[in-house]
Amino acid sequence: MKDIDFRTDVLPLKDELFRLALRITLNRADAEDVVQETMLKVWNRRDSWAELDSMQAYCLTICRNLALDKLKRADHQNASLDESYDRPDRHYAANPEERTVQRDRVELVKRLMGQLPEKQRTCMQLRDMEGKPYKEIAQVMGITEQQVKVNIFRARQSIKQKFQQIEQHGL
């Protein structure tokens, strides 16, 4: 196993950890706290780094667990995603009306994602937004790859059904 250096192997993960924590806690300040706590825990366990297969999976697992603990304490289970992460596709169309419709659809999907059970939401976020492979998601979540696939499938189906209902019948 290679030598792991905090500055080169752990610190560069802070943005990824923040995104994960934000998706779980749905609160920017809580996510920042979770990342800081994660970094402290990782540093305090530096004696066991040589035994790790993946520093990234290790950090993501700690971050996820801390974020879930914070979420349970704060009871923010059904809050919507942070508004500051609204990044609609600006190249979708030159027409302002079409851009507005696109932005509204993105917001609706974010809202629907926020309503998913935690496990489905986290699996979907790690796969679809972070681009993580199933194996790594399984390590982070502490479940099998098959369970990851099932959670992602169910999350996508749920969002698709709710999205279609709203598109057809309105809110």
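Shown above is the structure to which this text applies.
Described in the following lines is the structure provided in the data block.

Rules behind the numbers
Residues numbered from 1 in each chain as written. Predicted model: local features only at pLDDT ≥ 70, side-chain atom pairs only at ≥ 80, totals over all residues. Heavy atoms only, no water. Salt bridge = Lys/Arg side-chain N within 4 Å of Asp/Glu carboxyl O. Helix = DSSP H or I, 4+ residues; strand = E, 2+ residues; numbered from the N terminus. Expected span 1.5 Å × (residues − 1). Buried < 20%, exposed > 50% of the residue type's maximum accessible area, 1.4 Å probe, protein only. Contact = heavy atoms within 4.5 Å. Axes fitted to C-alpha atoms, helices over the stretch in contact; angles between N-to-C directions. Parallel < 35°, antiparallel > 145°, perpendicular 65-115°, else oblique. Left-handed = near helix turned anticlockwise from the far one by under 90°. Nonpolar A, V, L, I, M, F, W, Y, C, P; charged D, E, K, R; others polar. Core = buried A, V, L, I, M, F, W, Y, C linked by side-chain atoms within 4.5 Å. Phe/Tyr/Trp six-rings, centres within 6.5 Å; stacked < 30°, edge-to-face > 60°. Lys NZ or Arg CZ within 6 Å of the ring centre and 35° of its normal. Patch = residues over 30% accessible without salt bridge, like charges linked within 9 Å, V, L, I, M, F, W, Y side chains within 5 Å. Areas by Shrake-Rupley, 256 points an atom, 1.4 Å probe, with all protein chains shown as cover. Lys, Arg positive; Asp, Glu negative; His and termini not counted. Charge placed at Lys NZ, Arg CZ, Asp CG, Glu CD.

### Considering the pattern of salt bridges
Inference 1: With the rule as written, the count across this model stands at eight salt bridges.
Inference 2: A salt bridge links D15 to K14; the nearest nitrogen and oxygen atoms lie 3.9 Å apart.
Inference 3: In this structure, the salt-bridge partner of K132 is E16, at a minimum N-O distance of 2.1 Å. Within this pair, whereas K132 is found in the loop between helix 6 (118-129) and helix 7 (134-141), its partner E16 is found in helix 2 (residues 14-25), the two being separated by 116 residues in sequence.
Inference 4: One network of salt bridges, in which partners are shared, links E16, K132 and E136.

### Some points on helix 5 (residues 96-114)
Inference 1: Relative to the 27 Å expected for 19 residues at 1.5 Å per residue, helix 5 spans 27 Å between its end C-alpha atoms, a close match to the ideal helical length.
Inference 2: Among the residues of helix 5, Q102, L108, K110, L112, M113 and G114 are the ones counted as buried.
Inference 3: Those residues of helix 5 that are buried lie in contact with helix 6 and helix 8 (145-169).

### Some points on the packing of helix 5 against helix 8
Inference 1: Following both chains from N to C, one finds helix 5 and helix 8 inclined at 135°, their axes separated by 10 Å at the closest point. Looking at the two axes, helix 5 sits oblique to helix 8. Regarding helix 5 and helix 8, the two cross each other, and that crossing is right-handed. Along its contact with helix 5, which presents R105, L108, V109, L112 and M113, the element helix 8 presents I159, K162, F163, I166 and E167.
Inference 2: Its residues assigned to classes, the contact of helix 5 with helix 8 comprises seven nonpolar, no polar and three charged.

### Description of the nonpolar core
Inference 1: L17, V42 and M55 are the most contacted members of the largest nonpolar core, which has 36 residues in total.
Inference 2: Of all the secondary-structure elements, those providing two or more residues to this core are helix 1 (6-10), helix 2, helix 3 (28-44), helix 4 (55-74), helix 6, helix 7 and helix 8.
Inference 3: The element contributing the most residues to this core is helix 4, with 10 residues.
Inference 4: If you look at the next biggest cluster of nonpolar residues, it comprises eight residues, including L112, M113, M124 and F163.

### Observations regarding the packing of helix 2 against helix 6
Inference 1: In the contact formed by helix 2 and helix 6, the axes pass within 10 Å of each other and the chain directions differ by 145°. Here the hand of the crossing between helix 2 and helix 6 comes out right-handed. Counting all contacts with helix 2, which are made through R19, L20, R23 and I24, the residues of helix 6 involved are R121, T122, Q125, L126 and M129.
Inference 2: Looking at the contact of helix 2 with helix 6, its residues break down into four nonpolar, two polar and three charged.

### Some words on the packing of aromatic side chains
Inference 1: In the structure shown here, the tally under the stated rule is three aromatic pairs.
Inference 2: Judged by centre distance (6.2 Å) and plane angle (10°), the rings of F6 and W49 are stacked. Of this pair, F6 sits in helix 1 while W49 sits in the loop between helix 3 and helix 4, and the two are 43 residues apart along the sequence. W49 matches F6 in its accessibility class, with the two residues each being buried.
Inference 3: Geometrically, the ring pair formed by W43 and W49 is edge-to-face, given 6.3 Å between the ring centres and 70° between the ring planes.
Inference 4: Overall, the relative accessible area of 37% leaves W43 in the partly exposed class.
Inference 5: Within the aromatic cluster, the residues linked to one another by ring pairs are F6, W43 and W49.
Inference 6: Its end group placed over the ring of Y134, R127 keeps NZ or CZ at 4.1 Å from the ring centre.

### Side note on a negative patch on the surface
Inference 1: A cluster of like negative charges, contributed by E32, D33, E37 and D69, occupies part of the molecular surface.
Inference 2: The element contributing the most residues to the negative patch is helix 3, with three residues.
Inference 3: Among the structural elements, D69 can be located in helix 4.
Inference 4: By relative accessible area, D69 is classed as partly exposed at 38%.

Interpretation note: all reported values are geometric properties and have no functional meaning in isolation.
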